[in-house]
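This is what each chain is made of:
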2 protein chains.
Amino acid sequence: MANYIKLRARLMRDDDIAFGPGKAQLLDAIESTGSISAAAREVGMSYRRAWLLVDTMNRCFREPLVHSAPGGKHGGGAEVTEAGRRIRQRYRQMEQALRDLADDFETSLENELN
Amino acid sequence: MANYIKLRARLMRDDDIAFGPGKAQLLDAIESTGSISAAAREVGMSYRRAWLLVDTMNRCFREPLVHSAPGGKHGGGAEVTEAGRRIRQRYRQMEQALRDLADDFETSLENELN
DNA sequence: TACCGCTATATCCTGCCATGCATAACGAAT
DNA sequence: ATTCGTTATGCATGGCAGGATATAGCGGTA
């Protein structure tokens, strides 16, 4: 596909991103791996970055989206909370609406583009 | 406003942004000032950046969105073409739809946010 | 008790991108 | 001919976001 609409929806709170595409993806990876560091490896970002994203998320919302505990391979780790799943679901729904909008816009411009 | 949804819609073509919020704003400024450099000053970006944006726009679409000619205060300058106004209008329309979507999403999360 | 892999955090490093500066040519007016 | 404010383009510098690295403490397992 040579040309397409790229949409990104970010939930801003003051100056930091409360939720966005990267955080949604990270949430998925945390859910499937059970740890922040493994999720970071899976997604291909540094642990530092992943931890910062989680921290920002948790600070921006009333309830944390990720619950984490120190400790080794068995015992510690991180999990997505109920609030996390709820918010992610809402985000996914709006993402879908966004894609529909994008398709409309794209077809309305298809004869103008190179 | 402490928390709000920030949406940006970019029309991508390969790896560069054919159209987006910055380019829409720049187009307005070019229309009102009649030159790229004056528009850059008005918007608060460097001339180089403004010129690059215009160049990208013009390369991505069939017809140029901005027509420019060298030469001094009287004679040279830049103007928004008919195609430019057409595309910008389409973009504005979709931006409005985007804002409506954002409002819905925001209210659906208002009790979760800090 | 030793080990492993995780959370959490501070500090340092580096690569990239935008900005700013420099330059050349142009076109109209005076 | 001179001046002014453009377009158009290249180059170098600097700032900063993010990655890499180091360290400390934790919680299970074997």
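Right above here is the structure, for reference.
Below: a short report on this structure. If you're wondering where the values come from, they're calculated on a predicted model, not measured in any experiment. (Residues numbered from 1 in each chain as written. Chains lettered and ligands numbered in written order. Predicted model: local features only at pLDDT ≥ 70, side-chain atom pairs only at ≥ 80, totals over all residues. Heavy atoms only, no water.)

A word on the interface of chain A and chain B
Argument step 1. Each side of the interface is counted separately: chain A has 35 residues, and chain B has 35 residues.
Argument step 2. The contact between chain A and chain B buries some 3500 Å² in all, and 59% of this surface belongs to carbon and sulfur atoms.
Argument step 3. Of all residues in chain A, Phe105, Glu112 and Asn114 of chain A give up the largest surface area on contact with chain B, accounting jointly for 18% of the area buried on that side.
Argument step 4. Put simply, chain A and chain B have two salt bridges between them.
Argument step 5. Ionic pairing is found between arginine 86 of chain B and glutamate 112 of chain A, a salt bridge with its closest N-O pair at 2.7 Å.
Argument step 6. Taken together, chain A and chain B are joined by 19 residue pairs in polar contact (both at pLDDT 80 or more).
Argument step 7. Among the elements of the structure, strand S1 (3-13), helix H3 (47-60) and helix H4 (82-109) of chain A are those that each provide at least two residues to the side of chain A that touches chain B.
Argument step 8. The element that contributes the greatest number of residues to the side of chain A that touches chain B is H4 of chain A, accounting for twelve residues.
Argument step 9. Each residue belonging to the side of chain A that touches chain B can be placed in one class, and the counts come to 19 nonpolar, four polar and twelve charged. (Contact = heavy atoms within 4.5 Å. Buried area = accessible area lost by both parts, 1.4 Å probe. Salt bridge = Lys/Arg side-chain N within 4 Å of Asp/Glu carboxyl O. Polar contact = N/O pair within 3.5 Å; in protein donor to acceptor, adjacent residues only side chain to side chain. Helix = DSSP H or I, 4+ residues; strand = E, 2+ residues; numbered from the N terminus. Nonpolar A, V, L, I, M, F, W, Y, C, P; charged D, E, K, R; others polar.)

Some thoughts on the side chain of glutamate 112 of chain B
Argument step 1. Locating glutamate 112 of chain B in the fold gives a position in the segment after helix H4 (82-109).
Argument step 2. Residue class for glutamate 112 of chain B comes out buried when judged on its relative accessible area of 9%. (Buried < 20%, exposed > 50% of the residue type's maximum accessible area, 1.4 Å probe, protein only.)

Observations concerning the protein's contact with DNA strand D
Argument step 1. Residues in contact with DNA strand D amount to 22 residues; listed here are only the nearest, Ser46 of chain A together with Ile36, Ser37, Trp51 and Gly72 of chain B.
Argument step 2. Protein-proximal atoms of DNA strand D, defined as those within 4 Å of the protein, fall in sugar or phosphate at a share of 69%.
Argument step 3. Glycine 72 of chain A is positioned such that a nitrogen or oxygen atom in its backbone is 3.1 Å from a base nitrogen of DNA strand D.
Argument step 4. One of the backbone nitrogen or oxygen atoms of serine 37 of chain B is found 3.2 Å away from a phosphate oxygen of DNA strand D.
Argument step 5. Broken down by secondary-structure element, the contributors of at least two residues to the surface near DNA strand D are H3 of chain A together with helix H2 (36-43), helix H3 (47-60) and strand S3 (66-69) of chain B.
Argument step 6. Classifying every residue of the surface near DNA strand D by side-chain character gives six nonpolar, eleven polar and five charged. (Near = heavy atom within 4 Å.)

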